[in-house]
Amino acid sequence: MDEISEKILQHLTTDGRLSNIELADRVGLSPSACLRRVQDLEKRGVIKGYRAVLDRSKTGGSFVAYVAVGLNNHSKASQEAFEASIALALQVKECHNITGTIEYLLRVECEDLAAYKHFHTEILGVLEQVNSITSYIVMGSPKDERA
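Residues numbered from 1 in each chain as written. Predicted model: local features only at pLDDT ≥ 70, side-chain atom pairs only at ≥ 80, totals over all residues. Heavy atoms only, no water.

Another aspect to go through is helix α3 (residues 31-43). The first and last C-alpha atoms of α3 sit 18 Å apart over 13 residues, in line with the 18 Å expected at 1.5 Å per residue. Every buried residue belonging to α3 is among Ala33, Cys34, Val38 and Leu41, and all of these are buried. Projected down its long axis, α3 shows its buried positions confined to an angular sector of 135°, all on one face. In α3, the exposed residues that point more than 90 degrees away from the buried face are Arg36 and Lys43. Check the buried side of α3 and you find it contacts α1 (3-14) and α2 (20-27). Within two residues after α3, Gly45 carries a phi angle of roughly 85°, on the positive side. (Helix = DSSP H or I, 4+ residues; strand = E, 2+ residues; numbered from the N terminus. Expected span 1.5 Å × (residues − 1). Buried < 20%, exposed > 50% of the residue type's maximum accessible area, 1.4 Å probe, protein only. Arc of directions from axis to C-beta. Contact = heavy atoms within 4.5 Å.)

Printed below as a string of structure tokens:
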């Protein structure tokens, strides 16, 4: 990965809809050379895809919580069962297996507190692998670089 590829990634991370001509101009390459580099980054899996960044307040998902989940059994089978269940939960936008006193950190997006309570009680709370749930409600996000 050289400096030009890093610049390409930086610009595409900020604006994935940049035209190839604009991107080439910003990184100092010809359009054909820039396109070859972007295609190579895609082929190698460095660029995994492009997506729209949504305003969740306009799509019904403005309530956000990070949820720390501890399992009652630390076996591989328990983790796989938990992960399979979480994969089906539409409210869970991110699921991370982490180190520390708990096993998982979830990013959950819901319409409102009542919808989160339903998720907490009727979806997450009924999983037999779950031992503890700690919710951290997002009050604001002064910096969020997820795309």
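On to the nonpolar core. In this structure, Val67, Val69, Phe82, Leu106, Val108, Tyr116 and Leu124 are the most contacted members of the largest nonpolar core, which totals 18 residues. Mapped by element, the contributors of at least two residues to this core are β1 (63-71), α4 (76-88), β3 (104-110) and α5 (113-124). Counting residues per element, this core draws most heavily on β1, which supplies five residues. If we skip the residues at most four places from it in the chain, Tyr116 touches Phe63, Ala65, Val67, Val108, Cys110 and Ser135. Within the second largest apolar cluster, 11 residues are counted, among which are Leu9, Leu23, Val38 and Leu41. (Core = buried A, V, L, I, M, F, W, Y, C linked by side-chain atoms within 4.5 Å.)

Moving on, we come to the environment of His96. Tracing the sequence through the fold places His96 in strand β2 (residues 92-97). Its relative accessible area of 37% is what places His96 among the partly exposed residues. With 11 residues separating them in the primary sequence, His96 and Arg107 have C-alpha atoms 8.7 Å apart. Apart from the residues lying within four places of it in its own chain, the contact partners of His96 are Glu103, Tyr104 and Leu105. Within the structure, His96 has its side chain in polar contact with the side chain of Glu94 (distance 2.8 Å). (Polar contact = N/O pair within 3.5 Å; in protein donor to acceptor, adjacent residues only side chain to side chain.)

A few words on the sheet that holds strand β4 (residues 130-137). Strand order in this open sheet of four strands is β2-β3-β1-β4, and the pairing throughout is antiparallel. Looking at strand neighbours, the two that pair on one side only are β2 and β4, the edges of this open sheet. Pairs of neighbouring strands in the sheet enclose a mean axial angle of 20°, with direction left out of account. Strand direction decides the pairing type here: β1 and β4, joined by seven bridges, are antiparallel. Across the sheet, Leu71 pairs through a bridge with Val130, a residue of β4. Strands in contact with α5 are β1, β2, β3 and β4; relative to β1, the strand with the most contacts, it is inclined by about 20°. (Pairing = 2+ DSSP bridges. Axes fitted to C-alpha atoms, helices over the stretch in contact; angles between N-to-C directions.)

In this section: the packing of aromatic side chains. Scanning all chains against the criterion turns up three aromatic pairs. When the ring of Phe63 is compared with that of Tyr116, the centres are 5.6 Å apart and the planes differ by 35°; the resulting orientation is tilted. Taken as a pair, Phe63 in strand β1 and Tyr116 in helix α5 lie far apart in primary sequence, 53 residues in all. Its relative accessible area of 5% is what places Tyr116 among the buried residues. (Phe/Tyr/Trp six-rings, centres within 6.5 Å; stacked < 30°, edge-to-face > 60°.)

Keep in mind these numbers describe shape, not what the thing actually does.
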